[in-house]
Amino acid sequence: DGGITQSPKYLFRKEGQNVTLSCEQNLNHDAMYWYRQDPGQGLRLIYYSQIVNDFQKGDIAEGYSVSREKKESFPLTVTSAQKNPTAFYLCASSIGSITGTEAFFGQGTRLTVV
Amino acid sequence: AQKITQTQPGMFVQEKEAVTLDCTYDTSDPSYGLFWYKQPSSGEMIFLIYQGSYDQQNATEGRYSLNFQKARKSANLVISASQLGDSAMYFCAMREKDTGRRALTFGSGTRLQVQP
(Lines give C-alpha, C1' and ligand atoms only; values in the text may rest on other atoms or scores of the structure.)
Protein backbone atom coordinates (compact mmCIF):
# COMPACT_ATOMS: atom_id res chain seq x y z
CA ASP A 1 0.00 0.00 0.00
CA GLY A 2 1.20 3.49 -0.84
CA GLY A 3 1.58 5.88 2.01
CA ILE A 4 3.75 7.77 4.43
CA THR A 5 5.51 6.00 7.25
CA GLN A 6 6.77 7.84 10.28
CA SER A 7 8.91 6.19 12.90
CA PRO A 8 9.07 5.79 15.76
CA LYS A 9 5.52 6.38 16.96
CA TYR A 10 6.76 7.44 20.40
CA LEU A 11 10.16 8.91 21.18
CA PHE A 12 11.72 10.01 24.42
CA ARG A 13 14.62 12.41 24.49
CA LYS A 14 16.88 13.41 27.31
CA GLU A 15 17.83 17.02 27.77
CA GLY A 16 20.71 17.99 25.47
CA GLN A 17 20.29 15.09 23.06
CA ASN A 18 19.71 15.23 19.34
CA VAL A 19 17.06 12.88 17.98
CA THR A 20 16.04 12.07 14.42
CA LEU A 21 12.47 11.39 13.30
CA SER A 22 12.08 9.28 10.21
CA CYS A 23 9.65 9.97 7.36
CA GLU A 24 9.44 7.74 4.29
CA GLN A 25 6.91 7.88 1.45
CA ASN A 26 6.30 5.54 -1.47
CA LEU A 27 3.79 7.79 -3.24
CA ASN A 28 6.42 9.18 -5.64
CA HIS A 29 5.64 12.67 -4.35
CA ASP A 30 8.04 15.52 -5.01
CA ALA A 31 7.11 17.71 -2.05
CA MET A 32 7.50 16.80 1.61
CA TYR A 33 6.77 18.71 4.81
CA TRP A 34 7.30 18.62 8.56
CA TYR A 35 4.76 20.08 10.96
CA ARG A 36 4.69 20.42 14.72
CA GLN A 37 1.46 20.23 16.72
CA ASP A 38 1.19 21.25 20.36
CA PRO A 39 -1.77 20.06 22.47
CA GLY A 40 -5.05 21.61 21.40
CA GLN A 41 -3.42 23.66 18.68
CA GLY A 42 -3.03 23.69 14.95
CA LEU A 43 -0.09 22.56 12.83
CA ARG A 44 2.92 24.78 12.41
CA LEU A 45 5.36 24.35 9.54
CA ILE A 46 8.94 23.48 10.46
CA TYR A 47 10.57 22.71 7.11
CA TYR A 48 9.48 21.77 3.64
CA SER A 49 11.12 20.42 0.52
CA GLN A 50 9.80 20.77 -3.01
CA ILE A 51 12.49 18.67 -4.65
CA VAL A 52 15.43 16.42 -3.78
CA ASN A 53 18.49 18.22 -2.36
CA ASP A 54 16.48 21.35 -1.67
CA PHE A 55 14.52 22.48 1.38
CA GLN A 56 13.25 25.69 2.94
CA LYS A 57 12.61 26.86 6.49
CA GLY A 58 9.06 27.17 7.69
CA ASP A 59 7.72 29.27 10.53
CA ILE A 60 9.46 27.51 13.43
CA ALA A 61 12.71 26.08 12.00
CA GLU A 62 14.98 27.11 14.88
CA GLY A 63 16.38 24.08 16.68
CA TYR A 64 15.51 21.69 13.83
CA SER A 65 17.38 20.41 10.78
CA VAL A 66 16.42 18.29 7.78
CA SER A 67 17.93 16.62 4.75
CA ARG A 68 16.44 15.48 1.44
CA GLU A 69 18.96 13.18 -0.21
CA LYS A 70 16.34 10.85 -1.64
CA LYS A 71 12.91 11.58 -3.04
CA GLU A 72 11.22 9.17 -0.66
CA SER A 73 12.91 10.25 2.57
CA PHE A 74 12.78 13.48 4.61
CA PRO A 75 14.21 12.96 8.12
CA LEU A 76 13.88 15.62 10.79
CA THR A 77 16.50 16.11 13.48
CA VAL A 78 15.46 17.81 16.69
CA THR A 79 18.64 19.33 18.08
CA SER A 80 19.56 20.32 21.62
CA ALA A 81 19.01 23.92 20.54
CA GLN A 82 15.26 23.28 20.47
CA LYS A 83 14.33 24.26 24.01
CA ASN A 84 10.80 22.91 24.09
CA PRO A 85 10.66 19.92 21.75
CA THR A 86 7.83 17.99 23.44
CA ALA A 87 5.12 17.87 20.78
CA PHE A 88 3.43 15.76 18.11
CA TYR A 89 5.32 15.79 14.81
CA LEU A 90 3.60 15.15 11.51
CA CYS A 91 5.25 14.50 8.18
CA ALA A 92 3.34 15.04 4.94
CA SER A 93 3.87 14.81 1.22
CA SER A 94 2.14 16.01 -1.93
CA ILE A 95 2.49 15.35 -5.65
CA GLY A 96 3.74 18.87 -6.12
CA SER A 97 3.12 22.17 -4.53
CA ILE A 98 0.54 23.70 -6.82
CA THR A 99 -2.51 25.03 -5.12
CA GLY A 100 -4.88 22.13 -5.74
CA THR A 101 -2.86 19.21 -4.46
CA GLU A 102 -3.75 17.95 -1.03
CA ALA A 103 -1.10 16.78 1.37
CA PHE A 104 -1.07 13.22 2.66
CA PHE A 105 0.05 12.73 6.24
CA GLY A 106 1.86 10.08 8.21
CA GLN A 107 0.64 8.75 11.55
CA GLY A 108 2.88 11.11 13.51
CA THR A 109 5.63 10.82 16.11
CA ARG A 110 5.01 11.88 19.68
CA LEU A 111 8.23 13.27 21.16
CA THR A 112 8.63 13.71 24.89
CA VAL A 113 11.58 15.21 26.74
CA VAL A 114 12.40 13.33 29.93
CA ALA B 1 -1.76 38.48 10.84
CA GLN B 2 -3.42 35.09 11.00
CA LYS B 3 -3.78 33.55 7.58
CA ILE B 4 -6.44 31.09 8.68
CA THR B 5 -8.87 31.80 11.51
CA GLN B 6 -11.15 29.25 13.10
CA THR B 7 -13.15 31.01 15.80
CA GLN B 8 -14.92 27.99 17.28
CA PRO B 9 -12.62 26.08 19.66
CA GLY B 10 -15.38 23.54 20.31
CA MET B 11 -18.76 22.61 18.88
CA PHE B 12 -21.49 20.19 19.91
CA VAL B 13 -24.04 18.67 17.55
CA GLN B 14 -26.73 16.06 17.93
CA GLU B 15 -26.39 12.90 15.92
CA LYS B 16 -28.11 13.13 12.50
CA GLU B 17 -28.14 16.93 12.54
CA ALA B 18 -26.06 19.22 10.32
CA VAL B 19 -23.23 21.37 11.64
CA THR B 20 -21.20 24.24 10.18
CA LEU B 21 -17.58 24.79 11.12
CA ASP B 22 -16.32 28.29 10.40
CA CYS B 23 -13.13 29.27 8.61
CA THR B 24 -11.98 32.67 7.40
CA TYR B 25 -8.74 33.31 5.58
CA ASP B 26 -6.51 36.18 4.62
CA THR B 27 -4.57 36.39 1.38
CA SER B 28 -3.78 38.84 -1.38
CA ASP B 29 -2.91 36.04 -3.77
CA PRO B 30 -5.66 35.63 -6.42
CA SER B 31 -4.82 31.94 -6.79
CA TYR B 32 -5.14 29.76 -3.73
CA GLY B 33 -6.64 26.52 -2.51
CA LEU B 34 -8.60 25.83 0.64
CA PHE B 35 -8.62 22.46 2.38
CA TRP B 36 -10.36 20.82 5.31
CA TYR B 37 -8.81 18.01 7.31
CA LYS B 38 -10.18 15.81 10.07
CA GLN B 39 -7.96 14.67 12.94
CA PRO B 40 -9.38 11.87 15.12
CA SER B 41 -7.93 11.19 18.55
CA SER B 42 -5.42 8.81 16.94
CA GLY B 43 -3.66 11.84 15.47
CA GLU B 44 -3.73 11.07 11.76
CA MET B 45 -4.80 13.85 9.40
CA ILE B 46 -7.55 12.88 6.97
CA PHE B 47 -8.20 15.04 3.91
CA LEU B 48 -11.90 15.85 3.51
CA ILE B 49 -12.51 18.45 0.83
CA TYR B 50 -10.85 21.03 -1.40
CA GLN B 51 -12.00 24.36 -2.91
CA GLY B 52 -10.00 26.32 -5.44
CA SER B 53 -10.19 30.10 -5.53
CA TYR B 54 -11.40 30.07 -9.14
CA ASP B 55 -13.97 27.32 -8.66
CA GLN B 56 -17.43 28.60 -9.51
CA GLN B 57 -19.32 26.03 -7.50
CA ASN B 58 -19.04 25.00 -3.88
CA ALA B 59 -17.19 21.74 -3.40
CA THR B 60 -19.05 18.68 -2.14
CA GLU B 61 -17.78 15.25 -1.06
CA GLY B 62 -20.44 12.94 0.29
CA ARG B 63 -21.72 14.41 3.57
CA TYR B 64 -19.17 17.23 3.42
CA SER B 65 -19.74 20.48 1.59
CA LEU B 66 -17.83 23.71 1.58
CA ASN B 67 -19.70 26.99 1.78
CA PHE B 68 -17.26 29.21 -0.12
CA GLN B 69 -17.90 32.95 0.04
CA LYS B 70 -14.97 34.53 -1.76
CA ALA B 71 -15.84 38.16 -1.11
CA ARG B 72 -16.09 37.45 2.62
CA LYS B 73 -13.00 35.23 2.50
CA SER B 74 -14.77 32.43 4.25
CA ALA B 75 -14.75 28.71 3.59
CA ASN B 76 -17.05 27.04 6.08
CA LEU B 77 -17.33 23.26 6.26
CA VAL B 78 -20.84 21.83 6.46
CA ILE B 79 -21.28 18.28 7.70
CA SER B 80 -24.73 16.88 7.07
CA ALA B 81 -26.35 14.05 9.03
CA SER B 82 -23.67 13.97 11.74
CA GLN B 83 -22.46 10.60 12.95
CA LEU B 84 -20.74 9.65 16.19
CA GLY B 85 -17.60 8.92 14.17
CA ASP B 86 -17.46 12.56 13.11
CA SER B 87 -16.25 13.50 16.61
CA ALA B 88 -12.74 14.84 15.99
CA MET B 89 -10.66 17.97 15.48
CA TYR B 90 -11.24 19.74 12.18
CA PHE B 91 -8.67 21.97 10.55
CA CYS B 92 -9.02 24.48 7.75
CA ALA B 93 -5.89 25.07 5.66
CA MET B 94 -4.79 27.17 2.70
CA ARG B 95 -2.12 26.97 0.05
CA GLU B 96 -1.24 30.11 -1.91
CA LYS B 97 0.27 30.01 -5.38
CA ASP B 98 2.46 33.06 -5.61
CA THR B 99 4.00 33.49 -2.18
CA GLY B 100 6.84 31.14 -3.07
CA ARG B 101 5.97 29.02 -0.08
CA ARG B 102 3.78 26.24 -1.26
CA ALA B 103 3.10 24.47 2.02
CA LEU B 104 -0.30 24.35 3.67
CA THR B 105 -1.00 26.90 6.41
CA PHE B 106 -3.40 25.63 9.07
CA GLY B 107 -5.89 27.22 11.41
CA SER B 108 -6.07 26.39 15.12
CA GLY B 109 -8.87 23.89 14.65
CA THR B 110 -12.37 23.18 15.96
CA ARG B 111 -13.15 20.22 18.19
CA LEU B 112 -16.47 18.71 17.16
CA GLN B 113 -18.36 16.43 19.52
CA VAL B 114 -21.35 14.53 18.20
CA GLN B 115 -23.84 13.58 20.89
CA PRO B 116 -26.20 10.59 20.63
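Quick caveat: nothing in here was measured; it's all calculated off a predicted structure.

Visitor: Give a detailed account of the overall build of chain B, specifying residues and quantitative values.
Guide: Helix and strand counts for chain B come out as zero helices and twelve strands. Secondary structure of chain B in N-to-C order comes out as β-β-β-β-β-β-β-β-β-β-β-β. A globule of 116 residues ought to have a C-alpha radius of gyration of about 13 Å, and chain B, at 14 Å, matches this closely. Its C-alpha atoms give chain B principal-axis dimensions of roughly 45 × 30 × 20 Å. The buried share of chain B, reckoned over its 116 residues, is 48%. Here the contacts in chain B between residues at least 6 apart in sequence split such that 54% fall between residues at least 24 apart. Carbon and sulfur atoms make up 47% of the accessible area of chain B, which amounts to about 5500 Å² in all. Across chain B, 12 positive and 11 negative side-chain charges occur, with their mean positions spaced 4 Å apart.

Visitor: Got a sec to walk through the packing of aromatic side chains? Specific residues and values, please.
Guide: Tallied over the full model, the rule gives 13 aromatic pairs over all chains. A ring pair is formed by Tyr-47 of chain A and Phe-55 of chain A, whose centres lie 5.9 Å apart and whose planes are at 80°; its orientation type is edge-to-face. Look at Tyr-47 of chain A and you get buried, because its relative accessible area is 7%. Between Tyr-37 of chain B and Phe-47 of chain B, the aromatic rings sit 5.8 Å apart at their centres with planes inclined by 65°, giving edge-to-face as the arrangement. With Tyr-37 of chain B in strand E5 (residues 32-39) and Phe-47 of chain B in strand E6 (residues 46-52), this residue pair connects regions lying ten residues apart in the sequence.

Visitor: Give a detailed account of the sheet that holds strand E3 (residues 19-25) of chain A, specifying residues and quantitative values.
Guide: Residue and element names in this part refer to chain A. Read across the sheet, four strands follow the order E1-E3-E8-E7 without closing on themselves; strand pairing throughout is antiparallel. Each of the sheet's edge strands pairs with one partner strand only, and the pair in question is strand E1 (4-7) and strand E7 (64-66). Neighbour-to-neighbour, the strand axes of the sheet open up by a mean angle of 20°, direction not taken into account. As paired strands, E7 and strand E8 (residues 76-78) are joined by three bridges and run antiparallel to one another. Bridged to Val-66 within E8 is Leu-76.

Visitor: Please give an account of the state of the cysteines that cites residues and values.
Guide: All names here are of chain A. Summed over the entire model, instances satisfying the criterion amount to two disulfides over all chains. Bridging Cys-23 to Cys-91, the disulfide has an S-S length of 1.8 Å. Between Cys-23 and Cys-91 the disulfide shows an S-S torsion of about -75°. By sign, it is left-handed. Residue Cys-23 is located in strand E3, and its partner Cys-91 is located in strand E9 (residues 87-94); the two are separated by 68 residues in the primary sequence. Residue classification places Cys-23 among the buried positions, given a relative accessible area of 0%. Assessed through its relative accessible area of 0%, Cys-91 is described here as buried.

Visitor: Please provide a residue-by-residue account of the interface of chain A and chain B, values included.
Guide: Taken together, the contact between chain A and chain B spans 26 residues of the former and 23 residues of the latter. Interface area for chain A against chain B, summed over the two sides, is near 1800 Å², with a carbon-plus-sulfur share of 53%. The tally of links between chain A and chain B comes to zero salt bridges. Connecting chain A to chain B are four residue pairs in polar contact (both at pLDDT 80 or more). Taken together, the elements giving at least two residues each to the side of chain A that touches chain B come down to strand E4 (31-37), strand E5 (43-51) and E9 of chain A.

Visitor: Go over unusual backbone geometry, please, and point to the residues and values.
Guide: Residues and elements named next belong to chain A. Here the bond from Ser-7 into Pro-8 is cis, since omega is -10°, no more than 30 degrees from zero. For Pro-8, the location among the structural elements is in the loop between E1 and strand E2 (10-13). Backbone geometry at Asn-28 places phi at a positive 60°, although glycine is not the residue there. Among the secondary structure elements, Asn-28 is positioned in the loop between E3 and E4. By relative accessible area, Asn-28 is classed as exposed at 57%. If you check the backbone angles, Asn-53 has positive phi at about 65° while not being a glycine. Among the structural elements, Asn-53 can be located in the loop between E5 and strand E6 (54-57).

Cut-offs and rules
- Residues numbered from 1 in each chain as written.
- Chains lettered and ligands numbered in written order.
- Predicted model: local features only at pLDDT ≥ 70, side-chain atom pairs only at ≥ 80, totals over all residues.
- Heavy atoms only, no water.
- Helix = DSSP H or I, 4+ residues; strand = E, 2+ residues; numbered from the N terminus.
- Rg over C-alpha atoms; globule rule 2.2 N^0.38 Å.
- Buried < 20%, exposed > 50% of the residue type's maximum accessible area, 1.4 Å probe, protein only.
- Contact = heavy atoms within 4.5 Å.
- Areas by Shrake-Rupley, 256 points an atom, 1.4 Å probe, with all protein chains shown as cover.
- Lys, Arg positive; Asp, Glu negative; His and termini not counted.
- Charge placed at Lys NZ, Arg CZ, Asp CG, Glu CD.
- Phe/Tyr/Trp six-rings, centres within 6.5 Å; stacked < 30°, edge-to-face > 60°.
- Pairing = 2+ DSSP bridges.
- Axes fitted to C-alpha atoms, helices over the stretch in contact; angles between N-to-C directions.
- Disulfide = S-S within 2.5 Å.
- Buried area = accessible area lost by both parts, 1.4 Å probe.
- Salt bridge = Lys/Arg side-chain N within 4 Å of Asp/Glu carboxyl O.
- Polar contact = N/O pair within 3.5 Å; in protein donor to acceptor, adjacent residues only side chain to side chain.

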